[in-house]
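Listed here are the chains, written in short residue letters.
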Amino acid sequence: YLVEQIHKKHRQRVYLTKLLKLLYIIDETSVKETGAPVTGMDYRVWKMGPVAYDVYTDLMHNDSQHLSTFVEARKSGGDSPDKGGALIDSTNTFDDSEFSDYEMSLIDRVVDQFGHMQRDQLIALLHEEGSLWKKIVDAKGLEARFKSDNTSSYKIDFRDLISNDPYKLQVFQSAQDSLNL
């Protein structure tokens, strides 16, 4: 759905890096607003920002048992900033029955607000001072590491966004518990 909406509303092709950043923004926004993420994915702190590792691995290795029914990745060419990256295409009609009205509305809001942005703009946004990504990079001294390695095993903890809200923390924990069942 996300890929289709970006094509429809912004007439842009979607590359893997942009998809990963928008998925992160969807989850971060949902945690801020409700306490629970939409996808429940873990995000790793990599050089170019937060990365949903499972999505990255599935699409880059065409090894997905879940995503392959919805999207596929193929190497891109041309002069885009993502030259050599993975171009994402929808492979099936989207069924919104697994998403709440709130989640569908949130995805639409994120596409409207951020879908026009290019990869580098999204990366810069997620690297801003005070972002969860930036806090971990600074706390763990990852800038030096990122000069030679684009990845790390550090994960973003969304609880840091809602640490002062006991209700949202409880919602977050309940969401995590249900994912672990």
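This text gives an overview of the structure that appears in the document. (Residues numbered from 1 in each chain as written. Predicted model: local features only at pLDDT ≥ 70, side-chain atom pairs only at ≥ 80, totals over all residues. Heavy atoms only, no water.)

### Description of the packing of helix H1 (residues 2-10) against helix H4 (residues 101-114)
Helix packing geometry: the angle between the two helix axes and the distance between the axes.
No. 1: At their nearest, the axes of H1 and H4 sit 10 Å apart, and the two run at 45° to each other. One element, H1, and the other, H4, form an angle in the oblique class. The chirality of how H1 crosses H4 is right-handed. Seen from H1, the contacting residues are Leu2, Gln5, Ile6, Lys9 and His10; seen from H4, they are Ile107, Asp108, Val111 and Asp112. (Axes fitted to C-alpha atoms, helices over the stretch in contact; angles between N-to-C directions. Helix = DSSP H or I, 4+ residues; strand = E, 2+ residues; numbered from the N terminus. Parallel < 35°, antiparallel > 145°, perpendicular 65-115°, else oblique. Left-handed = near helix turned anticlockwise from the far one by under 90°. Contact = heavy atoms within 4.5 Å.)

### Re helix H5 (residues 119-126)
No. 1: The complete set of buried residues in H5 reads Arg119, Leu122, Ile123 and Leu126. Projected onto a plane normal to the axis of H5, the buried residues spread over an arc of 100° and lie on a single side.
No. 2: Those residues of H5 that are buried are in contact with helix H2 (16-34), strand E3 (49-52), H4 and helix H6 (132-140). (Buried < 20%, exposed > 50% of the residue type's maximum accessible area, 1.4 Å probe, protein only. Arc of directions from axis to C-beta.)

### Re the side chain of Ser131
No. 1: Structurally, Ser131 is set in the loop between H5 and H6.
No. 2: Here the side chain of Ser131 touches Leu126 through a polar contact of 2.9 Å, landing on its backbone oxygen. (Polar contact = N/O pair within 3.5 Å; in protein donor to acceptor, adjacent residues only side chain to side chain.)

### Some details on H1
Given 3.6 residues per turn, any residue in an α-helix points the same way as the ones three and four places further on.
No. 1: Every buried residue of H1 is accounted for by Leu2, Val3, Gln5, Ile6 and His10. Viewed end-on, H1 has its buried residues packed into an arc of 165°, placing them on one side of the element.
No. 2: The positive-phi residue at the C-terminal boundary of H1 is Arg11, with phi of around 50°.

### Overview of the side chain of Lys18
No. 1: Among the secondary structure elements, Lys18 is positioned in helix H2.
No. 2: From its side chain, Lys18 meets the backbone oxygen of Gly115 in a polar contact 2.5 Å long.
No. 3: When neighbours within four sequence positions are excluded, Lys18 is seen to be in contact with Ile6, Gln12, Gly115, His116, Met117 and Leu122.

### Here's the deal with the pattern of salt bridges
No. 1: All chains considered together, the criterion is met by seven salt bridges.
No. 2: Here Glu33 and Arg109 are joined by a salt bridge, their closest N and O atoms 2.8 Å apart. On the criterion of sequence distance, the pair formed by Glu33 in helix H2 and Arg109 in helix H4 is long-range, its members being 76 residues apart.
No. 3: The class for Arg109 is partly exposed, based on a relative accessible area of 35%.
No. 4: A salt bridge links Asp120 to Arg119; the nearest nitrogen and oxygen atoms lie 3.1 Å apart. (Salt bridge = Lys/Arg side-chain N within 4 Å of Asp/Glu carboxyl O.)

### Section: the pairing of strand E2 (residues 43-46)
No. 1: In the sheet, E2 pairs with E3 via four bridges, with the strands oriented antiparallel. Looking at E3, one finds that Arg44 is bridged to Val51.
No. 2: Between the antiparallel neighbours E2 and E3 lie two residues. (Pairing = 2+ DSSP bridges.)

### Thoughts on the packing of aromatic side chains
No. 1: Tallying each qualifying case throughout the model produces six aromatic pairs.
No. 2: Look at Tyr24 and Tyr43: their rings are 5.1 Å apart centre to centre, the planes differ by 85°, and that puts the pair in the edge-to-face class. Pair noted here: Tyr24 is in helix H2 and Tyr43 is in strand E2, with a separation of 19 residues, a long-range link.
No. 3: Summarising the aromatic geometry, the rings of Trp133 and Phe146 are spaced 6.4 Å apart at their centres and angled 10° between planes, so their arrangement reads as stacked. (Phe/Tyr/Trp six-rings, centres within 6.5 Å; stacked < 30°, edge-to-face > 60°.)

### Examining the packing of H1 against H2
No. 1: Across the interface, H1 lies against H2 with an axial gap of 11 Å and an inter-helix angle of 105°. Comparing the axis directions of H1 and H2 gives the class roughly perpendicular. Between H1 and H2, the residues in contact are Leu2, Val3 and Ile6 and Lys18, Leu19, Leu22, Leu23 and Ile26, respectively.
No. 2: Across the contact of H1 with H2, the residue classes break down as seven nonpolar, no polar and one charged. (Nonpolar A, V, L, I, M, F, W, Y, C, P; charged D, E, K, R; others polar.)

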